[in-house]
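The residues making up each chain are set out below.
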Protein chains: 2
Amino acid sequence: MEYRKIKDEDKDEGSAGEDIESLRNKSLSVPLSNVATLGGGSSDRSKWKRKTIVTLALTILTSSQAILIVWSKRAGKYEYSVTTANFLVETLKCVLSLAALARIWKNEGVTEDNRLSTTLDEVSVYPIPAALYLVKNLLQYYIFAYVDAPGYQILKNLNIISTGVLYQMILKRKLSEIQWAAFILLCAGCTTAQLNPSSDHVLQTPYQGWIMAIVMALLSGFAGVYTEAIIKKRPSRNINVQNFWLYVFGMVFNAVAILIQDFDAVMNKGFFHGYSLITVLMILNHALSGIAVSMVMKYADNIVKVYATSVAMLLTAVVSVFLFGFHLSLAFFLGSTVVSVSVYLHSISKLTRQR
Amino acid sequence: MEYRKIKDEDKDEGSAGEDIESLRNKSLSVPLSNVATLGGGSSDRSKWKRKTIVTLALTILTSSQAILIVWSKRAGKYEYSVTTANFLVETLKCVLSLAALARIWKNEGVTEDNRLSTTLDEVSVYPIPAALYLVKNLLQYYIFAYVDAPGYQILKNLNIISTGVLYQMILKRKLSEIQWAAFILLCAGCTTAQLNPSSDHVLQTPYQGWIMAIVMALLSGFAGVYTEAIIKKRPSRNINVQNFWLYVFGMVFNAVAILIQDFDAVMNKGFFHGYSLITVLMILNHALSGIAVSMVMKYADNIVKVYATSVAMLLTAVVSVFLFGFHLSLAFFLGSTVVSVSVYLHSISKLTRQR
């Protein structure tokens, strides 16, 4: 019921409903009734610019993330506990949000939109995404009984479809036929790009594995869409306030994850066992990526987020050719072609619909 | 210059320019200026029906063609000479066209549109497609010095792109952005569906192989588009007259191919050496497919032909699962998904453009 409330409130705030293409249309001076209340063209252009910057930041941070992971494996140092690292990522994001808030308070003073003390009614929605991610991460341990790691990489692409379905169901923003076609292509293209000679094993996944993969995709899609709903619920609220609460609960739930999964290891070997310079870089990168995700949720939407992370996956592979001498497969070229067409179709879909 | 003449004449005959989607729009009562001169809705519906039937016939015949090939290989009988079989295919098509004409003459009498004696000026264009196919088939022997057979199957998908390019250039019917996106997806999807663990070899094709593959794709695309231009040059001319001339020259050029490639074998072992029941079925199937191709060229276009043969390729694989116990790969599912989205995008593209 809690989330239905958010959704309904969100619908009333129509101005948050437009996305990157609507604004692009606006700048191309196509008349658009749904953004007509937003004000002048220069304000729209600055919003479009902000969306582009956060989207690019997310793409670059996500692709460098994967490169850091490959690098850390190459350096043979992957000995730290993932749950402690996740906890530190949340802590760092929390500290960065607070630092940003402190600066804002100093410059602009404390206002209704940037003050931290909020009502229980408002704060109570923030734990939900963190809880969903916790459950999803725990499930991840069990799915490996049914699927191997490369197979899991392929099944993860179900996220794309679940995000689209939940985005349309929960946020009630209808995707056009062409946007749906583009989304299905994005999923097929990403999967194709990841194909390798052993990929067919994934077809032998037992039904338990499929069910878990689908549940995980739904959990992660739901967490993303729910976060967008929370953040867009009050568009005027400063993003750092919203992030602070999201990340505080992220810390809490990751602390729970340490207790469940790595309590003995942390007790015996210490919290920072196995940490290296690369681990620190990875934590820094994850924290910045996390903030970029929030920004994309606020200034664009989950659809843009999915495109950014998918394109980042392809970028990583191309960069790895130069950094690590990886070979690109024919499947990668074909998948990239399909993803590119998907991005193109998504970008023209709104324009086409209006003709 | 010959072909420019055809093209210009073709442009004057605007009514031949509409395609299957335009007519579908018409039946959905979307106003369409370019078919307004065609007459009543019932005539459009019967034309749409005719296009659908010839397209389905081509799809089914093409997919059963591939199944017959697999079957003939399974039966271990693939000993006949391909050039003699091709010659018989052309002969059979020629005989069938003549038989159809004889019936028409008996029922309707000889008219300007169904009589065979045509001027040199008109007949002289018919040898060109047959000559192009001959050159292409000869090149096929040389390309195997650079590419293996599975690699050649993959490179053959370049036909899709060359047909699109030449269709737009020569027939001057512009494909919309979405139609182009759909066409690129068709090529990527077909290639993905054909991927196997050794497919990456094709990336090591030397530049001579690439050049030959591109030249072959252009020759085959050009032959197709040129045939469409010839057939559509005079829309009122009976298709059997046009086919008769196409197939007569097909016989001539296939006789040349026998002389070039299989003269010794035919002389020593005889013309029908290695023929079996399956060979006869294959010849019958090829002849009917060839006639269906001509029909699609007359009543639809090369774009529809490419879609029909691509979908047939996927159908063949699915049918082979039941007939021969083939296993479908993940790549096949992904490729089929992309092809399906491509067909969908193509079918909605005209509708979208008109809004």
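What counts as what
Residues numbered from 1 in each chain as written. Chains lettered and ligands numbered in written order. Predicted model: local features only at pLDDT ≥ 70, side-chain atom pairs only at ≥ 80, totals over all residues. Heavy atoms only, no water. Least-squares fit on C-alpha atoms with pLDDT ≥ 70 in both. Contact = heavy atoms within 4.5 Å. Core = buried A, V, L, I, M, F, W, Y, C linked by side-chain atoms within 4.5 Å. Buried < 20%, exposed > 50% of the residue type's maximum accessible area, 1.4 Å probe, protein only. Helix = DSSP H or I, 4+ residues; strand = E, 2+ residues; numbered from the N terminus. pLDDT = per-residue confidence, 0-100. Polar contact = N/O pair within 3.5 Å; in protein donor to acceptor, adjacent residues only side chain to side chain. Buried area = accessible area lost by both parts, 1.4 Å probe. Salt bridge = Lys/Arg side-chain N within 4 Å of Asp/Glu carboxyl O. Nonpolar A, V, L, I, M, F, W, Y, C, P; charged D, E, K, R; others polar. Expected span 1.5 Å × (residues − 1).

## What about the relation of the copies chain A and chain B?
Phase 1 of the analysis: Overlaying chain A with chain B gives an RMSD of 0.0 Å, the required rotation being 180° about an axis along which the chain moves by 0.0 Å. One copy is carried onto the other by what is essentially a two-fold rotation axis.
Phase 2 of the analysis: Most of the interface of chain A is mirrored in chain B, where 100% of its interface residues are also at the interface.

## A look at the nonpolar core
Side chains of a nonpolar character, in soluble globular proteins, are inclined to be buried together.
Phase 1 of the analysis: Within the largest apolar cluster, 92 residues are counted, with the highest numbers of intra-cluster contacts made by Leu185, Leu186 and Leu345 of chain A together with Leu186 and Leu345 of chain B.
Phase 2 of the analysis: Residues Val125, Val241, Leu246 and Ala292 of chain B belong to the second largest nonpolar core, which totals 31 residues.

## Regarding the environment of Ile258 of chain B
Residues and elements named next belong to chain B.
Phase 1 of the analysis: Relative to the helices and strands, Ile258 is located in helix H11 (residues 239–261).
Phase 2 of the analysis: Placed 173 residues apart in sequence, Ile258 and Ala85 show a C-alpha to C-alpha distance of 9.8 Å.
Phase 3 of the analysis: Leaving out residues up to four positions away in the same chain, Ile258 has contacts with Thr83, Thr84, Phe87, Phe263, Val266 and Phe271.

## Concerning unusual backbone geometry
Phase 1 of the analysis: A positive phi is found at Lys172 of chain A, a non-glycine position, where the angle reads about 55°.
Phase 2 of the analysis: Position of Lys172 of chain A among the secondary structure elements: in the loop between helix H8 (158–171) and helix H9 (177–193).

## Details of the confidence of the model for chain A
Residue and element names in this part refer to chain A.
Phase 1 of the analysis: Across chain A, pLDDT averages 83, with 85% of residues at or above 70.
Phase 2 of the analysis: Taken element by element, the predicted model of chain A shows its lowest mean pLDDT in helix H1 (residues 2–12) (34) and its highest in H9 (95).
Phase 3 of the analysis: Low pLDDT, under 50, characterises residues 1–39; the predicted model gives this stretch 73 contacts beyond four residues in sequence or across chains.
Phase 4 of the analysis: For this predicted complex, the interface score ipTM comes out at 0.80, alongside a pTM of 0.82.

## Quick word on the side chain of Ser294 of chain B
Residue and element names in this part refer to chain B.
Phase 1 of the analysis: Residue position: Ser294 is located in helix H13 (residues 277–299).
Phase 2 of the analysis: Only 2.9 Å separates the side chain of Ser294 from the side chain of Asn243, close enough to count as a polar contact.
Phase 3 of the analysis: If near-sequence neighbours (up to four positions away) are discounted, Ser294 is found in contact with Ile231, Ile239, Asn243, Leu246 and Tyr247.

## Comments concerning the interface of chain A and chain B
Phase 1 of the analysis: At the junction of the two partners, chain A supplies 28 residues and chain B supplies 28 residues.
Phase 2 of the analysis: Interface area, chain A with chain B, both sides summed: about 2,400 Å², of which 82% is carbon and sulfur.
Phase 3 of the analysis: At the junction of chain A with chain B, the criterion picks out 0 salt bridges.
Phase 4 of the analysis: For the side of chain A that touches chain B, the elements supplying multiple residues, two or more each, are H9 and helix H15 (330–354) of chain A.
Phase 5 of the analysis: Sorting elements by how many residues they give to the side of chain A that touches chain B places H15 of chain A first, with 11 residues.
Phase 6 of the analysis: Of the residues assigned to the side of chain A that touches chain B, the class counts are 19 nonpolar, 6 polar and 3 charged.

## Considering helix H10 (residues 207–233) of chain A
Phase 1 of the analysis: Spanning 27 residues, H10 of chain A covers 38 Å between terminal C-alpha atoms, matching the ideal 39 Å at 1.5 Å per step.
Phase 2 of the analysis: Among the 27 residues in H10 of chain A, 19 count as buried, and that is most of the element.

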